[in-house]
Amino acid sequence: MTQPQKTRSRIKIYFDILSSVEEEGNAKLTRVLYKANLSYDRLVKYLDELIARGLLQEIHAEENRYYVITDMGKEFIREVKKAESFLSGFGLSL
Amino acid sequence: MLLEIDWYICTSILGDRMGIMIIVAELTKLNTLSFLPLPMPDLLFVTTAILDILSGAVALLVSYTAFKYNRLIESDVLKFVSFGFMMLGIGLLLEGSLLSLLAFNVGRITEDLRLVYISSLLYLVLQVFAYSSFALGYSRGAYSRREGITTAVFALFLIARPVRQYYFLLGTYVNDITQLIVIVLLSFVVFQGFLMHGRTKSKFSLLVLAGFVLILIAHLVMLGSSIVMSGFIFVLANFVQFAGFLSLLLFLIRSGHIDTATEDKK
């Protein structure tokens, strides 16, 4: 039985962005753009949302912008990983 | 002859399930004249009560976890899973509590047969609700949402409509009929679970599938125990059901470990 390709949920997009930032440490916008597989406009929109929710922090250093994951963001990743495991038990995904 | 009379009274009032428990309790004590109230806590009642209460606790834990993640993810399937396990958990705790009260004859409960019958019937109905919820949830997960829910609800409606007025008048056969309904629903859940496991190939889905398979086997054995009127087989079925809930508990424990989560996915 095949399932049609699902669009990524908002949580999954948050998770992908936060994971890529966590992996990079101080992540540049271009790296996040590449890893999260999003268009520039959508990425900026989601980054603003994540910053507003306190999951990400924006750092301005000289002429560059960096993104750093907060403790709340790390906790979010842990919870989503647990949720993913739980969902997979019932054949579901994010 | 006395045994046959006792069996008839037990099954008429309490349903086959309780009847089996009481008749076996009587056989072990070789006292058929005063089968109610039971003077001493009976091992069969206590064993089944403990298994039911533990299984109920696991079911409520799964329900709570599904509810918690549903707040994060907002999945309709999780709502069905949470609701189903909540019903099952409440039912099992109700049954376990009832059996504990019967075992120790708290408040001379064995003299209030209507209460015992209604509690036992409530447990059976809760089970049907629980497994219907799983079946609906799984159909939404396995098929496209609209088709799955419509087909499942329509099928249940077709089955339920002509028989619902007779259901509560079945007396002795309420338990067996309920077991049959539960077996049909669980077979559906297991089949869907098998398809889903084939898709995800994760150890988590295997543990959940194993849980449901064991619970299905338990219900088949329970029905068998009612047919052959064997208390021993009935208790054995309860152990199999408990093994199913242990599998679900193992799934909960394993899915809570973040580091093993990615390793567990094949």
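The structure we're discussing is the one just above.
Reading the values: rules and limits
Sequence order as written defines the numbering, with residues in each chain counted from 1. Here every chain gets a letter starting at A, and every ligand a number starting at 1, in the order they are written. Thresholds applied to this predicted model are a pLDDT of at least 70 for local features of residues and 80 or more for the giving and counting of side-chain atom pairs; totals over whole chains, interfaces and linings are not thresholded and use all residues. In computing side-chain values, all of the structure's heavy atoms are included and hydrogens and water are not. Each helix is a run of DSSP H or I of at least 4 residues and each strand a run of E of at least 2, with the numbering of both proceeding from the N terminus. It only takes one pair of heavy atoms within 4.5 Å for two residues to be counted as in contact. Method for areas: the Shrake-Rupley scheme with a 1.4 Å probe, in which residue coverage is limited to the protein chains shown. Defined in terms of a 1.4 Å probe, buried area is the accessible area two parts forfeit on being brought together, summed over both. A side-chain nitrogen of Lys or Arg and a carboxyl oxygen of Asp or Glu constitute a salt bridge if their distance falls within 4 Å. Side-chain atoms alone can form a polar contact between residues adjacent in sequence; in general such a contact is a pair of N or O atoms within 3.5 Å, and within protein one must be able to donate a hydrogen while the other accepts it. Under the scheme applied here, ten amino acids are nonpolar (Ala, Val, Leu, Ile, Met, Phe, Trp, Tyr, Cys and Pro), four are charged (Asp, Glu, Lys and Arg), and all others, including Gly, are polar. To obtain an axis, a line is fitted to C-alpha atoms, over the contacting stretch when the element is a helix, and the angle between two such axes runs from 0 to 180 degrees between their N-to-C directions. Throughout this description, any angle smaller than 35 degrees is read as roughly parallel, any larger than 145 degrees as roughly antiparallel, any in the 65 to 115 degree range as roughly perpendicular, and the remainder as oblique. Each helix crossing is assigned a hand: it is left-handed if the near helix lies turned anticlockwise from the far helix by less than a right angle, otherwise right-handed if that turn is clockwise. For two strands to be treated as a pair, DSSP must find at least two bridges joining them. When a residue's accessible area, from a 1.4 Å probe over protein chains only, is under 20% of the maximum for its type it is buried; when over 50% it is exposed; and in between it is partly exposed.

## Describing the overall build of chain B
The helix and strand tally for chain B stands at ten helices and zero strands. Going from N to C terminus, chain B has its helices and strands arranged as α-α-α-α-α-α-α-α-α-α. A sequence separation of at least 24 residues applies to 73% of the contacts in chain B between residues at least 6 apart. With the model as given, the accessible surface of chain B reaches about 12800 Å², and the carbon-plus-sulfur share is 72%.

## Considering the interface of chain A and chain B
Of the residues lining the interface, 19 residues belong to chain A; the matching set on chain B comes to 32 residues. Note on chain A versus chain B: buried area summed over both sides is about 2200 Å², and carbon and sulfur give 75% of it. Our enumeration of links across chain A and chain B arrives at zero salt bridges. For the interface between chain A and chain B, the tally reads zero residue pairs in polar contact (both at pLDDT 80 or more). In terms of residue count, the dominant contributor to the side of chain A that touches chain B is helix H4 (residues 71-89) of chain A (twelve residues). A breakdown of the residues in the side of chain A that touches chain B according to their chemical character gives ten nonpolar, five polar and four charged.

## Some remarks on the packing of H4(A) against helix H9 (residues 231-255) of chain B
H9(B) packs onto H4(A) with a crossing angle of 150 degrees between their chain directions and a minimal axis gap of 9 Å. One finds that H4(A) runs roughly antiparallel with respect to H9(B). Every pair of crossing elements has a handedness; the one defined by H4(A) and H9(B) is right-handed. Contacts from Lys82(A), Ser85(A), Phe86(A) and Gly89(A) in H4(A) reach Phe251(B), Leu252(B) and Ser255(B) in H9(B).

## Thoughts on the sheet that holds strand S2 (residues 56-61) of chain A
Across a sheet, paired strands are connected by hydrogen bonds in the backbone, their directions being either parallel or antiparallel. Overall, antiparallel pairing links the three strands, which are arranged S1-S3-S2 (chain A) in an open sheet. The outermost strands of the open sheet, each flanked by one partner alone, are strand S1 (27-28) and S2 of chain A.

## A closer look at the pattern of salt bridges
Residue and element names in this part refer to chain A. Evaluated as defined, the whole model comprises nine salt bridges over all chains. The closest approach of N and O atoms between Lys 12 and Asp 16, which form a salt bridge, is 3.8 Å. Highlighted residues: Lys 12 and Asp 16, both in helix H1 (residues 10-24), separated by four residues, approximately one helical turn. Take Asp 16: its relative accessible area is 18%, and that puts it in the buried class. The partner of Lys 35 in a salt bridge is Glu 24, with the nearest N and O atoms 3.1 Å apart. A residue pair is termed long-range when its members are at least 10 positions apart, and Lys 35 in helix H2 (residues 29-36) and Glu 24 in helix H1 qualify at eleven residues. According to the relative accessible area criterion, Lys 35 is partly exposed, its value standing at 29%. Salt bridges here are not isolated pairs; linked through shared partners, they connect Glu 23, Glu 24, Arg 31 and Lys 35.

## A word on the pairing of S2(A)
Residues and elements named next belong to chain A. Pairing of S2 with strand S3 (residues 64-69) involves six bridges; the strand directions are antiparallel. Within S3, the residue paired with His 60 across the bridge is Arg 65. Counting the residues in the hairpin turn of S2 and S3 gives two residues, including Glu 62, whose phi is positive at 55 degrees.

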